[in-house]
Amino acid sequence: MSALVWQKSSYCAQGNSCVHVAADHGSVALTESGDPGGAILRTSPAAWAALIRTVKESQDRA
């Protein structure tokens, strides 16, 4: 099993409150930098895309 290649959120400021995302064999893996050895959440690419689209749309309306 290969190691995941994590990408840090572009909205992450300095500190330990960052979301990290990685592609993982047809799913999207999510974790947070405050507990790098902790839980890894997984979702489908379609659900991840819908979440990102919704967040971007809500920012446009703000």
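All residue numbers refer to position in the chain's written sequence, counted from 1. This being a predicted model, a pLDDT of at least 70 is required before a residue's local features are given, and a value of 80 or more before pairs of side-chain atoms are given or counted; all residues contribute to the totals for chains, interfaces and linings. Neither water nor hydrogens contribute to the side-chain values; these are computed over all heavy atoms in the structure.

Strand pairing is defined by DSSP finding a minimum of two bridges between the two strands. Counting from the N terminus, the helices are the DSSP runs of H or I reaching at least four residues and the strands are the DSSP runs of E reaching at least two. Pairing in this open sheet of four strands is antiparallel, and the strands run β1-β2-β3-β4 from one edge to the other. In the strand order of this sheet, the two ends are held by β1 (7–8) and β4 (41–43), each with one partner. Inspection of the sheet shows strand β2 (residues 19–24) paired to strand β3 (residues 27–32) by six bridges, in the antiparallel sense. Paired with A23 across the two strands is V28, which belongs to β3.

On to a nonpolar patch on the surface. Patches here: salt-bridge-free residues with over 30% relative accessible area, like charges joined within 9 Å, nonpolar side chains (Val, Leu, Ile, Met, Phe, Trp, Tyr) joined within 5 Å. Here the Shrake-Rupley method, with its probe set to 1.4 Å, supplies the accessible areas, and only the displayed protein chains count as covering residues. By convention in these notes, a salt bridge is any Lys or Arg side-chain nitrogen within 4 Å of a carboxyl oxygen on Asp or Glu. A cluster of nonpolar side chains, contributed by L51, I52 and V55, occupies part of the molecular surface with about 210 Å² of accessible area. By the element assignment, I52 lies in helix α1 (residues 45–61).

Quick look at unusual backbone geometry now. Although it is not a glycine, H25 adopts a positive phi angle of roughly 50°. Structurally, the position occupied by H25 is in the loop between β2 and β3. Exposed residues in this analysis have more than 50% of their type's maximum accessible area, buried residues have under 20%, and partly exposed residues fall in between, with area computed by a 1.4 Å probe over protein chains only. H25 sits in the exposed class, given a relative accessible area of 69%.

This model, assessed by the stated rule, comprises one salt bridge. Residue D24 is joined to R42 by a salt bridge in which the shortest nitrogen-to-oxygen separation is 2.7 Å. Taken together, the residues span a long stretch of sequence, with D24 in strand β2 and R42 in strand β4 at a distance of 18 residues. For D24, a relative accessible area of 7% puts it in the buried group. A residue is classified by how much of its surface remains accessible, and R42, at 46% relative accessible area, is partly exposed.

Spatial relationships are all this shows, so hold off on functional conclusions.
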